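Structural overview for review
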Amino acid sequence: IMTLEVSSLREQRDDLEVSIEVDGSIVVTAPLGWLTGGAPPGGPYSSALSEANETSASLFAPIPFARTARISVQNTGSTPASAGLRVRLLEGAIDGDVGRLEVHCSSSVVDVPVRICEQDSSAQYPNVVVGGAFSGRGQYAGQTFVMRSPFSEQWWWALENDHEIWIDGEYALLGTGTEDYFGGAFYFGNGPFYSPTTGASGWVRDVMPSSDTHMFRWHIVDGIPYERELRFEYESYVDGTVWDGCVFGYRAER
C-alpha cells in the first residue's frame, strides 16, 4: 500500500479512528488526526509521507503486506460524520527490504510539580514518552503529533523540551529542543511551514484553554536503525502539557 487517503472534514478527523491490519496483525489503531496531523490546529500541508488539506488527509508511508491488508475507518464521535477511503497499491516487492510498518500512538501528559524556571537541576523529572519503545530489530522512521500546552505566558517553554534517544539500551543522543528537532527556531516565529521531511503546519497561540502546535518529522534518508530496542523521549517542562500523536518505524522480518 503506497497511499491511504481519507476524505473527511478537518474538524472531524480526531473522531475518525483508522485501523490497519496486515497479514492478520493489527499495525495501528488511532485517530486519523494523529496519524496525519490533519486535524486542528494543523493546517494544510504536504510532505513526503503525509499530507492534509480541508477535504482529505493522506498517509504515504509504505505499508507492505504478503497476503492480506485490511483498513477500516470508524466514527468514534457523538455526531454523524462522512468519510471516503482511497487506497493505492503497488504490486510486487519494494526495492530494498523496508520491513513491516509499526506505529505506536499515545496521549501523554507532563506531570511536574514546578515550572521550568523553578526546576531543581539535581532532580529527575520523568520524560514524556510518545508512543512507547520499539523492540526487536528495525528502523525508526519519524513521528507526527499535536502538543497541547496549558495557556499561560509560558506556553513556549514546552517547545524547549530536549529530545533524548536510547538505542539498544545505550544513551545515544541529547537534542537541543523540540522546536529544533522539527526544523524551527524561536518557536516557529516566521509562521507555519512544511517541507518533505519536517514542519509545523499550524497552531493556536494565546487562546484559552491551551496553546497547541502540530509538528511532524520523517526520517527518510536518515533513519535510525536498532538491533534490540529504540526509545525516543522528551524532557518534561510545562506541567499539564499533552502530547497526542504517533511514532513510526519498520520492523525487520529477518
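Now for a description of the structure that goes with this document. (Residues numbered from 1 in each chain as written. Predicted model: local features only at pLDDT ≥ 70, side-chain atom pairs only at ≥ 80, totals over all residues. Heavy atoms only, no water.)

**A short note on the state of the cysteines**
A complete count under the given rule lists one disulfide for this structure. Between the sulfur of Cys105 and that of Cys246 lies a disulfide, 2.1 Å long from S to S. On the sign convention where negative means left-handed, the S-S torsion of about 105° between Cys105 and Cys246 marks this disulfide as right-handed. In this pair, Cys105 is assigned in strand β9 (residues 100-109) and Cys246 in strand β20 (residues 242-251), connecting sequence segments 141 residues apart. (Disulfide = S-S within 2.5 Å. Helix = DSSP H or I, 4+ residues; strand = E, 2+ residues; numbered from the N terminus.)

**So, the pattern of salt bridges**
Scanning the model with the defined rule gives nine salt bridges in all. In this structure, Glu11 and Arg10 form a salt bridge, with 3.9 Å as the shortest nitrogen-oxygen distance. Two residues, Asp14 and Arg148, come together in a salt bridge whose shortest N-O distance is 3.8 Å. With Asp14 in the loop between β1 (3-7) and β2 (16-22) and Arg148 in strand β12 (residues 138-150), this residue pair connects regions lying 134 residues apart in the sequence. Each of Asp14, Arg148, Asp212 and Asp244 takes part in one network of salt bridges that share partners. (Salt bridge = Lys/Arg side-chain N within 4 Å of Asp/Glu carboxyl O.)

**Describing the side chain of Ser47**
Topologically, Ser47 is positioned in the loop between β4 (45-46) and β5 (50-52). At a separation of 3.1 Å, a polar atom in the side chain of Ser47 contacts the side chain of Trp218. Those residues in contact with Ser47, other than ones at most four positions away along the chain, are Phe60, Ser195, Pro196, Phe216 and Trp218. (Polar contact = N/O pair within 3.5 Å; in protein donor to acceptor, adjacent residues only side chain to side chain. Contact = heavy atoms within 4.5 Å.)

**Examining the side chain of His219**
Looking at the element boundaries, His219 is found in the loop between β17 (210-218) and β18 (224-226). Of note is the side chain of His219, whose polar atom sits 3.1 Å from the backbone oxygen of Asp222. Excluding anything up to four places from it in sequence, His219 contacts Tyr140, Ala141, Gly142, Tyr181 and Ile224.

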